[in-house]
Amino acid sequence: PCVARLFQSGPYKCPACDRQLLAVDFGPEPREARQVEDEVKVRRQISDIYCKTRQDFGGDEEWNDYLGMREDLIYRLTCPSGPDDAKEAWREA
């Protein structure tokens, strides 16, 4: 009941540490598990878009560059540096 009351209007700012908290932070599933689920979801979506195989490339260097670019994009989507960074990364995808 207290959690529902605190978060009825959205995120709640902790008065002690100024950290933004969400109601899901107080759920049965730890935050790390939700972060892993989010990353897996992003990886699946990006893998559907960037679905080339090693045979599509002329050499190992091109293949490794492709994989590096895909991993960089996944990182930008799962750990954005700012609110607009994730939106921009999705546009590039």
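Throughout what follows, the structure given in this document is the object of discussion. Within any chain, residue numbers begin from 1 and follow the written order of that chain's sequence. Since the coordinates come from a predicted model, pLDDT governs what is reported: local features require at least 70, and pairs of side-chain atoms require 80 or more to be given and counted, while whole-chain, interface and lining totals use all residues. As a convention, hydrogens and water are excluded, and side-chain values are obtained from all of the structure's heavy atoms.

Pairing between side chains of opposite charge can happen when their charged atoms approach one another. We define a salt bridge as a side-chain nitrogen of Lys or Arg found within 4 Å of a carboxyl oxygen belonging to Asp or Glu. Taken as a whole and judged by the stated rule, the model has 5 salt bridges. The shortest N-O distance in the salt bridge between Glu-71 and Arg-43 comes to 2.9 Å. In this pair, Glu-71 sits in helix α3 (residues 60-78) while Arg-43 sits in helix α2 (residues 31-49), placing the two residues 28 residues apart along the sequence. Residue class for Glu-71 comes out partly exposed when judged on its relative accessible area of 35%. Measuring nitrogen to oxygen at the nearest pair gives 3.0 Å for the salt bridge that ties Glu-88 to Arg-91. Of this pair, Glu-88 and Arg-91 both sit in helix α4 (residues 83-92), 3 residues apart, which is roughly one turn of the helix. Comment: elements are numbered from the N terminus, with helices defined as DSSP H or I runs of at least four residues and strands as E runs of at least two. Each residue gets one of three labels from its accessible area relative to the maximum for its type: buried under 20%, exposed over 50%, partly exposed in between, using a 1.4 Å probe on protein chains only.

Turning our eyes to something else, we now look at the packing of α2 against α3. Axes, fitted as lines to C-alpha atoms, cover a helix only where it is in contact. Angles between the N-to-C directions of the axes lie from 0 to 180 degrees. Taken N-terminus to C-terminus, the directions of α2 and α3 make an angle of 140 degrees; their axes are 10 Å apart at the nearest point. Relative to α3, the element α2 lies oblique. By crossing handedness, the relation of α2 to α3 is classed as right-handed. Residues Glu-39, Val-42, Arg-43, Ile-46 and Ser-47 of α2 form the contact with α3, whose participating residues are Arg-70, Glu-71, Leu-73, Ile-74, Leu-77 and Thr-78. In the contact of α2 with α3, the residues fall into 5 nonpolar, 2 polar and 4 charged. Oblique is the label for every angle not falling under 35 degrees (roughly parallel), over 145 degrees (roughly antiparallel), or within 65 to 115 degrees (roughly perpendicular). Crossings are assigned a handedness: left-handed for a near helix turned anticlockwise from the far helix by less than a right angle, right-handed for a clockwise turn. We call two residues in contact when some of their heavy atoms are within 4.5 Å. All residues other than Ala, Val, Leu, Ile, Met, Phe, Trp, Tyr, Cys, Pro, Asp, Glu, Lys and Arg, Gly among them, are scored as polar; the first ten of these are nonpolar and the last four charged.

The next point concerns the packing of α3 against α4. α4 packs onto α3 with a crossing angle of 145 degrees between their chain directions and a minimal axis gap of 8 Å. The two elements α3 and α4 meet at a crossing, and its hand is left-handed. On α4, the residues that touch Leu-73, Arg-76 and Leu-77 of α3 are Asp-85, Ala-86, Glu-88, Ala-89, Trp-90 and Glu-92. Partitioned by chemical class, the residues of the contact of α3 with α4 number 5 nonpolar, no polar and 4 charged.

On to the nonpolar core, then. Residues belong to one nonpolar core when they are buried, are Ala, Val, Leu, Ile, Met, Phe, Trp, Tyr or Cys, and are joined through side-chain atoms within 4.5 Å. Judged by nonpolar contacts, Val-42, Ile-46, Tyr-50, Phe-57, Trp-63, Tyr-66, Leu-73, Ile-74, Leu-77 and Ala-89 together constitute the single largest core of 10 residues. Going through the elements one at a time, α2 and α3 are the ones with two or more residues in this core. Once residues lying within four places of it in the same chain are set aside, the contact partners of Leu-77 are Val-42, Ile-46, Ala-86, Ala-89 and Trp-90.

On to the environment of Leu-22, then. Within the secondary structure, Leu-22 is located in the loop between β2 (20-21) and α2. Its relative accessible area of 42% is what places Leu-22 among the partly exposed residues.

What follows covers α2. Here α2 contains 19 residues, and its C-alpha end-to-end distance of 27 Å stays within 8% of the 27 Å for a straight helix at 1.5 Å per residue. The complete set of buried residues in α2 reads Arg-34, Val-42 and Ile-46. In a view along the axis of α2, the buried residues occupy a sector of 105 degrees, so they form one face of it. In α2, the exposed positions that point more than 90 degrees away from the buried face belong to Glu-32, Val-36, Arg-44 and Asp-48. Those residues of α2 that are buried lie in contact with α3 and α4. Every helix has an expected span of 1.5 Å times one less than the residues it contains. When we speak of the arc, we mean the arc of directions from the helix axis to the C-beta atoms.

By themselves these figures say nothing about function.
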